[in-house]
Amino acid sequence: MRWRCDTWHLPLRTARGTLTALAALGHPEATVASRPDGGGELLVWGRGGRLPRAVSELLQATGGERVSSIVHDEAALLAAHAPDGPVELAPGVTVDPQGRVATRGRIVLRIPPAPAFGDGRHPSTRLAARRLVAMPLTGRRVLDLGCGTGVLGLLSWRRGAARVDFADIDPGSVRSTRAACRANGLLRPRVWAADLLDGVCGHGYDLLIGNLYADLCLRLLADPRLRSVLPSGSVVLSGIAHRRRAAVERALTRSGFRLLAAEQEAWWWMLAAERA
Ligand SMILES: C[S@@+](CC[C@H](N)C(=O)[O-])C[C@H]1O[C@@H](n2cnc3c(N)ncnc32)[C@H](O)[C@@H]1O
């Protein structure tokens, strides 16, 4: 996923007002900070490497100065700033890139630094992890779709899942997941590179985890193969931007799911649902 980040300098009050106006436009992916000279700095992020036209027009109308516009590759960005110490992923769960944390009484996942998404700091990962910690997983067959480093599938495995399979469209993520499985003692995992359900051949999973962004969740829920991949059981979908939550909820209902939980962190939502 590519993200464009535009930085604007403008009076602090205007920056705050613009933040509110952006949220009203359905574009909450923005933050405001104050600059040492008392002015405001507004960061506006655009999914897919671009900003919607209405957002660009609103920013132009502020009269502020755009001081930079950079397109980031999300996985590379996260890897470049990877933590070298432990990260609290969910209650009782730590992600430890270096394998130095004492494990007593906690689940400690060793996720080696990798150019893949899933070092445990992103709100969408944490939202899904909190749900996985709260649900019974013993004996379940789990598919971690869009696995990144494999962090969520590995958490399911540590919580007692009988089998966890991993898939990601990005071959680098597949390699990272294999490395993380080795580091955590999950031997001979099934990890494949494919677009959503393309690589899955009709297995009956009990739980599908997809920290995938809304557009991919919508594609997944509209895919007729989902019926055989997940004949019963539940989904934990995360990475859903605030403005797309209602659309994913509707798609869940259309695909025969009943919503169990919805949780938000920053501008992201996690939706958990089970077959109705
Ligand atoms: C938000 S990251 C989640 C990574 C990890 N599961 C976590 O929770 O931290 C989304 C992942 O989905 C993968 N992805 C993107 N498009 C995909 C597709 N069409 N099919 C499968 N995986 C995809 C990306 O490569 C990325 O690793």
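Data block above holds the structure.
The following refers to the structure shown.

Procedures and definitions
The written sequence of each chain sets the order in which its residues are numbered from 1. Selection of residues for local features in this predicted model requires a pLDDT of at least 70, selection of side-chain atom pairs for listing and counting requires 80 or more, and totals for whole chains, interfaces and linings are taken over all residues. Side-chain calculation: all heavy atoms of the structure are included, whereas hydrogens and water are not. Helix and strand labels come from DSSP, where a helix needs a run of H or I of at least four residues and a strand needs a run of E of at least two; each type is numbered from the N terminus. All radius of gyration figures rest on C-alpha atoms, and the globule criterion is 2.2 Å times the number of residues raised to 0.38. Between buried and exposed lies partly exposed: a residue is buried under 20% and exposed over 50% of the maximum accessible area for its type, with that area taken using a 1.4 Å probe on protein chains only. Every residue pair with non-hydrogen atoms within 4.5 Å of one another is taken to be in contact. Every accessible area reported is derived by Shrake-Rupley at a probe size of 1.4 Å, with residue values counting cover from the shown protein chains alone. Residues scored as charged are limited to Lys and Arg (positive) and Asp and Glu (negative), so that His and the chain ends carry no count. To locate a charge, take atom NZ for lysine, CZ for arginine, CG for aspartate or CD for glutamate. Here a residue is near a molecule or strand as soon as one of its heavy atoms is found within 4 Å of it. Whenever two N or O atoms come within 3.5 Å, that pair is a polar contact, provided that in protein one can donate a hydrogen and the other can accept it, and provided that, for residues adjacent in sequence, both atoms are side-chain atoms. For this classification, Asp, Glu, Lys and Arg are treated as charged, while Ala, Val, Leu, Ile, Met, Phe, Trp, Tyr, Cys and Pro are nonpolar and the rest, including Gly, are polar. Any carboxyl oxygen of Asp or Glu within 4 Å of a side-chain nitrogen of Lys or Arg constitutes a salt bridge here. Here the rule is simple: two strands pair whenever DSSP picks up at least two bridges between them. The angle between two axes is taken between their N-to-C directions and runs from 0 to 180 degrees, where each axis is a line fitted to C-alpha atoms and a helix contributes only its stretch in contact.

1. Quick word on the overall build of the protein chain
Here comes step 1: Along its length, the protein chain carries 9 helices and 14 strands.
Here comes step 2: Against the globule reference of 19 Å for 276 residues, the protein chain gives a C-alpha radius of gyration of 20 Å, in line with a compact fold.
Here comes step 3: A principal-axis box enclosing the C-alpha atoms of the protein chain has dimensions of 60 × 45 × 30 Å.
Here comes step 4: Within the protein chain, buried positions represent 50% of all 276 residues.
Here comes step 5: Sequence-distant contacts, at least 24 apart, represent 65% of the contacts inside the protein chain between residues at least 6 apart.
Here comes step 6: Total accessible area on the protein chain is roughly 12,500 Å²; 52% of this is exposed by carbon and sulfur atoms.
Here comes step 7: Looking at the protein chain, you have 37 positive and 25 negative side-chain charges, and the mean spots of the two groups are 5 Å apart.

2. Brief notes about unusual backbone geometry
Here comes step 1: A positive phi angle, close to 45 degrees, is found at R188, a residue other than glycine.
Here comes step 2: Mapped onto the secondary structure, R188 falls in the loop between α6 (171-183) and β10 (190-193).
Here comes step 3: For L196, which is not glycine, the phi dihedral falls at a positive 40 degrees.
Here comes step 4: Among the secondary structure elements, L196 is positioned in the loop between β10 and β11 (207-211).

3. Side note on the site of the ligand
Here comes step 1: Within the structure, the ligand sits among 19 residues, and T125, G146, D168, D195 and N211 are positioned closest to it.
Here comes step 2: At a separation of 2.8 Å, a nitrogen atom of the ligand approaches a polar backbone atom of G146.
Here comes step 3: Between the ligand and L196, the relevant distance is 2.8 Å, taken from a nitrogen atom to a main-chain nitrogen or oxygen of the residue.
Here comes step 4: Computed on the free molecule, the ligand has an accessible area of 590 Å², of which 91% lies beneath the protein chains in the complex.
Here comes step 5: Classifying every residue of the shell around the ligand gives 10 nonpolar, 6 polar and 3 charged.

4. Here's the deal with the pattern of salt bridges
Oppositely charged side chains are able to pair whenever their charged atoms sit close together.
Here comes step 1: One pass over the full model with this rule turns up 17 salt bridges.
Here comes step 2: A salt bridge links R35 to D37, with the nearest nitrogen and oxygen atoms 2.8 Å apart.
Here comes step 3: What makes D37 exposed here is its relative accessible area of 57%.
Here comes step 4: The shortest N-O distance in the salt bridge between R225 and D198 comes to 3.0 Å. Taken as a pair, R225 in the loop between α7 (214-222) and α8 (226-229) and D198 in the loop between β10 and β11 lie far apart in primary sequence, 27 residues in all.
Here comes step 5: You can call D198 partly exposed: its relative accessible area is 48%.

5. Topic: the sheet that holds strand β8 (residues 141-145)
Here comes step 1: Spatial ordering of the open sheet is given by β10-β9-β8-β11-β12-β14-β13, a layout of 7 strands whose pairing is mixed. Looking at strand neighbours, the two that pair on one side only are β10 and β13 (257-265), the edges of this open sheet. When the angles between neighbouring strand axes are averaged without regard to direction, this sheet yields 15 degrees.
Here comes step 2: Here strand β9 (residues 163-168) pairs with β10 via 4 bridges, running parallel. Its bridge partner lying in β10, D168 is registered against A193.
Here comes step 3: Lying over the sheet, α7 contacts β8, β11, β12 (234-241) and β13, oriented at roughly 145 degrees with respect to β12.

6. Side note on the environment of L25
Here comes step 1: Position of L25 relative to the elements: it lies in the loop between α1 (12-24) and β2 (30-34).
Here comes step 2: Looking at L25, the relative accessible area reads 39%, which means it is partly exposed.
Here comes step 3: Linking L25 and R243, residues 218 residues apart in sequence, is a C-alpha distance of 9.3 Å.
Here comes step 4: Sequence-distant contacts of L25, defined by excluding residues within four places in its chain, comprise A54, V55 and L58.

That's the geometry; what it means functionally is another story.
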